[in-house]
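This is what each chain is made of:
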Amino acid sequence: MIRSEQGADHSLPSNDLLMGAGRCFGSGDARAIRRRDGFTRAVGELLPDEPVRIVDLPDRDISMDTGVDLLDAALERFPEATAIMFATDVLATGAVLAAQRRGIAVPDRLAITGFGDFEMSRHLNPALTTVSVDVGTIGTKAAELLLARLAGTAIESATVDVGYRIVTRESA
């Protein structure tokens, strides 16, 4: 498995994404659950008196429509929320666009972040703050592991952490 999900979100508290009250997280697939777990640990460590607020819509696909529904669910359950971290840029993009249509100022009223640094993220207005992982390295490492397995070579660890970087843009 090649990952950066848990480490990435666990490190975010040094960034403004998790500062203050009213934080929510919209999750998605299995990788998103690992991101959520990292988020939960980080909030627990840095803001021990702050409850972790998680909004999940089980059995939903990763789509902009689901991002809209997660935004609605988060604001209904936690109207005091000041920031939402989504598990993917696709979900976050849907939320940013829905917030704009509803007159919710991003990031002044509600900061929104994603994960993935997809191309659309930098073209949104406001551009999406996100977590970037090196997909080229992920592909290379995956191919190396696969070729090693096919060749019968012992693999020291099937998990490779490829790292991440926070891409701070206008949405948070």
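For the structure, see preceding data.
To keep things clear, this report deals only with the structure shown in the data block. The structure presented is a predicted model; accordingly, all values stated were derived computationally and were not measured.

What counts as what
Residues numbered from 1 in each chain as written. Predicted model: local features only at pLDDT ≥ 70, side-chain atom pairs only at ≥ 80, totals over all residues. Heavy atoms only, no water. Helix = DSSP H or I, 4+ residues; strand = E, 2+ residues; numbered from the N terminus. Buried < 20%, exposed > 50% of the residue type's maximum accessible area, 1.4 Å probe, protein only. Contact = heavy atoms within 4.5 Å. Areas by Shrake-Rupley, 256 points an atom, 1.4 Å probe, with all protein chains shown as cover. Salt bridge = Lys/Arg side-chain N within 4 Å of Asp/Glu carboxyl O. Polar contact = N/O pair within 3.5 Å; in protein donor to acceptor, adjacent residues only side chain to side chain.

**Let's talk about the overall build of the protein chain**
Thought 1: Tallying secondary structure elements over the protein chain gives 6 helices and 8 strands in all.
Thought 2: When the helices and strands of the protein chain are listed from N to C terminus, the series reads β-α-β-α-β-α-β-α-β-α-β-α-β-β.
Thought 3: Looking at the 172 residues of the protein chain, the share that counts as buried comes to 46%.
Thought 4: Sequence-distant contacts in the protein chain: of pairs separated by 6 or more residues, those separated by 24 or more amount to 74%.
Thought 5: A total accessible area of about 8,500 Å² is found for the protein chain, and carbon and sulfur atoms account for 53% of it.

**As for the pattern of salt bridges**
Thought 1: Enumeration over the complete set of coordinates arrives at 6 salt bridges.
Thought 2: Residue Glu80 is joined to Arg53 by a salt bridge in which the shortest nitrogen-to-oxygen separation is 3.3 Å. Taken together, the residues Glu80 in the loop between helix H3 (64-77) and strand S4 (83-86) and Arg53 in strand S3 (residues 53-55) connect sequence positions 27 residues apart.
Thought 3: Given a relative accessible area of 41%, Glu80 falls into the partly exposed group.
Thought 4: A single salt-bridge network, built from bridges that share partners, covers Asp117, Arg165 and Arg169.

**Some thoughts on unusual backbone geometry**
Thought 1: Following Val106, the chain continues into Pro107 via a peptide bond in cis, with omega recorded as 5°.
Thought 2: By secondary structure assignment, the location of Pro107 is in the loop between helix H4 (89-101) and strand S5 (111-113).
Thought 3: Along the chain, Asn125 connects to Pro126 via a cis peptide bond; the corresponding omega equals 5°.
Thought 4: As for its placement among the helices and strands, Pro126 is situated in the loop between helix H5 (119-123) and strand S6 (130-132).
Thought 5: The phi torsion at Asp117 lies on the positive side, around 50°, for a residue other than glycine.

**Regarding the side chain of Ser171**
Thought 1: Mapped onto the elements of the fold, Ser171 is located in the segment after strand S8 (165-167).
Thought 2: Within polar-contact distance, the side chain of Ser171 engages the backbone nitrogen of Thr129 at 2.8 Å.
Thought 3: Not counting residues within four places of it along the chain, the set of residues in contact with Ser171 comprises Val106, Pro107, Leu110, Ala111, Ile112, Pro126, Ala127, Leu128 and Thr129.

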